[in-house]
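Coordinate inspection notes
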Amino acid sequence: MSSSFYPARRILMGPGPSDVSPRVLGAMARPTIGHLDPQFVDLMDQIKALLQYAFRTDNALTLPVSAPGSAGMEACFVNLVRPGDTVIVCQNGVFGGRMKENVERCGATAVMVEDPWGQTVSVEKVEQALAENGDASVLAFVHAETSTGAFSDAAALCRLATSHNVLSIVDTVTSLGGIELDVDAWGADAVYSGTQKCLSCVPGLSPVTFSERAVARIRERDSKVQSWFLDMQLVMGYWGENSKRAYHHTAPVNTLYALHEALLILKEEGLENAWRRHRLHHTALVAGLEAMGLGLVVAPEWRLPQLNSVSVPAGVDEALVRSRLLQDYGLEIGAGLGALAGKVWRVGLMGHAANRQNVVLCLGALEQTLSSMQAPIERDRALAAALAVYDD
Ligand SMILES: *Cc1c(COP(=O)(O)O)cnc(C)c1O
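Residues numbered from 1 in each chain as written. Predicted model: local features only at pLDDT ≥ 70, side-chain atom pairs only at ≥ 80, totals over all residues. Heavy atoms only, no water.

1. Let's talk about the packing of aromatic side chains
A complete count under the given rule lists two aromatic pairs for this structure. With 5.2 Å between their ring centres and 65 degrees between their planes, F151 and W302 make a pair best called edge-to-face. Highlighted residues: F151 in strand β7 (residues 150-151) and W302 in the loop between α11 (271-291) and β11 (307-311), separated in sequence by 151 residues. Geometrically, the ring pair formed by Y238 and W239 is edge-to-face, given 6.2 Å between the ring centres and 80 degrees between the ring planes. For the pair formed by Y238 and W239, the shared burial category is buried. (Phe/Tyr/Trp six-rings, centres within 6.5 Å; stacked < 30°, edge-to-face > 60°. Helix = DSSP H or I, 4+ residues; strand = E, 2+ residues; numbered from the N terminus. Buried < 20%, exposed > 50% of the residue type's maximum accessible area, 1.4 Å probe, protein only.)

2. What to know about the sheet that holds strand β10 (residues 206-210)
The sheet built from seven strands is open, its strands ordered β2-β10-β9-β8-β5-β3-β4 with mixed pairing. Here the strands that pair on one side only, and so sit at the sheet edges, are β2 (61-65) and β4 (109-114). Averaged over all neighbouring strand pairs, the angle between strand axes comes to 15 degrees, with direction disregarded. Relative to β10, β2 runs antiparallel, the two being bridged by five bridges. (Pairing = 2+ DSSP bridges. Axes fitted to C-alpha atoms, helices over the stretch in contact; angles between N-to-C directions.)

3. Focus on helix α12 (residues 318-329)
With 12 residues, α12 extends 16 Å between its outermost C-alpha atoms, agreeing within 8% with the 16 Å of an ideal straight helix rising 1.5 Å per residue. Turning to α12, its buried residues are E318, V321 and L325. Taken down its axis, α12 places every buried residue within 55 degrees of arc, on the same side. Where α12 is buried, its residues meet β12 (331-335), β13 (344-348) and α13 (356-372). Capping the start of α12 is the job of one residue whose side-chain oxygen sits 3.2 Å from the backbone nitrogen of A319: D317. After α12 finishes, the residue G330 shows a positive phi value of roughly 65 degrees. (Expected span 1.5 Å × (residues − 1). Arc of directions from axis to C-beta. Contact = heavy atoms within 4.5 Å. Polar contact = N/O pair within 3.5 Å; in protein donor to acceptor, adjacent residues only side chain to side chain.)

4. Considering the sheet that holds β11
Judged by pairing direction, the sheet is mixed, and its four strands sit side by side in the order β1-β12-β13-β11 without closing on themselves. Strand pairing shows two members of the sheet lacking a second neighbour, β1 (11-13) and β11, which therefore form its edges. Here the average twist between neighbouring strands, direction ignored, is 35 degrees. As paired elements, β11 and β13 share five bridges and run antiparallel to each other. For N308, the partnering residue across the bridge sits in β13 and is V347. Along the sheet, α12 makes contact with β12 and β13, crossing β12 at roughly 160 degrees.

5. Here we look at the domain arrangement of the protein
The domain boundaries assigned to the protein delineate domain 1 (21-267) and domain 2 (271-391). With centres defined by C-alpha atoms, the gap from domain 1 to domain 2 works out at 29 Å. Contact with domain 1, which involves 30 residues of that partner, is made by 24 residues of domain 2. Taking both partners together, domain 1 and domain 2 bury about 2,200 Å²; carbon and sulfur atoms supply 66% of that area. For the domain 1 face of the interface with domain 2, the top three residues by lost area are W117, G149 and F151, together amounting to 22%. Run the count over domain 1 and domain 2 and you get one salt bridge. At the junction of domain 1 with domain 2, the criterion picks out nine residue pairs in polar contact (both at pLDDT 80 or more). Among the secondary structure elements, those contributing two or more residues to the side of domain 1 that touches domain 2 are α2 (38-55), β6 (144-145) and β7. When grouped by side-chain class, the residues that make up the side of domain 1 that touches domain 2 number 12 nonpolar, 13 polar and five charged. (Domains from an automatic or database assignment. Buried area = accessible area lost by both parts, 1.4 Å probe. Salt bridge = Lys/Arg side-chain N within 4 Å of Asp/Glu carboxyl O. Nonpolar A, V, L, I, M, F, W, Y, C, P; charged D, E, K, R; others polar.)

6. Remarks on unusual backbone geometry
Omega for the bond connecting G16 with P17 falls within 30 degrees of zero, at 0 degrees, which places this linkage in the cis form. You can see P17 is positioned in the loop between β1 and α1 (22-28). Even without glycine at this site, Q374 takes up a positive phi of about 55 degrees. Q374 gets classed as exposed once you look at its relative accessible area, which sits at 69%.

7. Some remarks on the environment of Q196
Its place among the elements puts Q196 in the loop between β9 (190-192) and β10. Judged by relative accessible area, which is 12%, Q196 ranks as buried. Sequence separation of Q196 and I33 is 163 residues, and the distance between their C-alpha atoms is 23 Å. Those residues in contact with Q196 that sit more than four places away from it in its chain are G16, P17, S18, C201, V202 and P203.

8. Details of the pattern of salt bridges
Evaluated as defined, the whole model comprises 15 salt bridges. Among the salt bridges present, the one from E269 reaches R277, with a minimum N-O distance of 2.7 Å. Here E269 falls in the partly exposed class, since its relative accessible area comes to 27%. Residue classification places R277 among the partly exposed residues on the basis of a relative accessible area of 22%. A salt bridge links R303 to E290; its shortest N-O distance comes to 4.0 Å. Here R303 is found in the loop between α11 and β11, whereas its partner E290 is found in helix α11, with 13 residues between them in sequence. Judged by its relative accessible area of 42%, E290 falls in the partly exposed class.

Rendered as structure tokens:
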């Protein structure tokens, strides 16, 4: 006999999903209405305005794609990249590799600009690649590399794209709501994000925004976008401004209630306050980790507050530590990916999860777990170091 599913209570401090606010879960449980109901159309307009606030943009084509962050990524590539195009792709972690995969599946050529995992994208190398590839039509990069915990200078990279007359595609899945993101001031052209990282919403939607330049590129295409579902010309018929809303696909109604609530929470707190909160709890967490003798992978100037890659001490079974944290404390942290697999833990402080309780719990739980395994760490220092940050 099957029975209803009741998940255990977890504290989500991994690379996403992050803890979802009870307000968001509550919103999701409200009655489903039709996706063309006038009330729902009004909600869509509100969501669009709140996304424009979060992205800091006036772009009319701003909406949540009805699928997770990876679909937002694909939506940007399939709409802007035409067969035969040349695209400059920056890679300093997992997600740049997925961008390359997207470019090639569009029938285009990816020119890779690679930097070591854990480092920021080199603006100089990108400038050189743009100079050497005059036929490039798009520059693609990840603002916040969740696989390593490093961010890149999105303002400088978007500026380079504009000055070389290429469109920028920017992955902001982990940055939206967590660190400064300023779509219009940067002149970013196609920007995608996710709901389950610093927005602390449930997974399953991908906010995107396209500049006028990007919309013009989409309109002037002479080849069809290879994906029917993600073709923005068709999606615009449903999410578009003045046109009568036409059926394209059934919107995930209740998930959109959740996104609306999550964005309201962000707006109530204020974007800058949310960025400051992520920074504060990151500073406390790092003070504690370092006092324990644990090191971070990324140099201080490029560290993401919301994703902390911590080096696993020599001789420690990193997977065993994670499973003990989950069993004994209900605490989830992430494993390393790709080049960092087995070498790091990824500790997230995303959205609702970036708070004092979580920092204190995580430091205490890590210290007890590592001590019980005779790992070479300093005891009885981490909490004091973290709390001192809050006392400042
Ligand atoms: C999580 C993530 C994605 C993919 O998002 P999904 O919602 O898992 O599809 C893409 N890029 C970055 C930087 C991410 O962190």
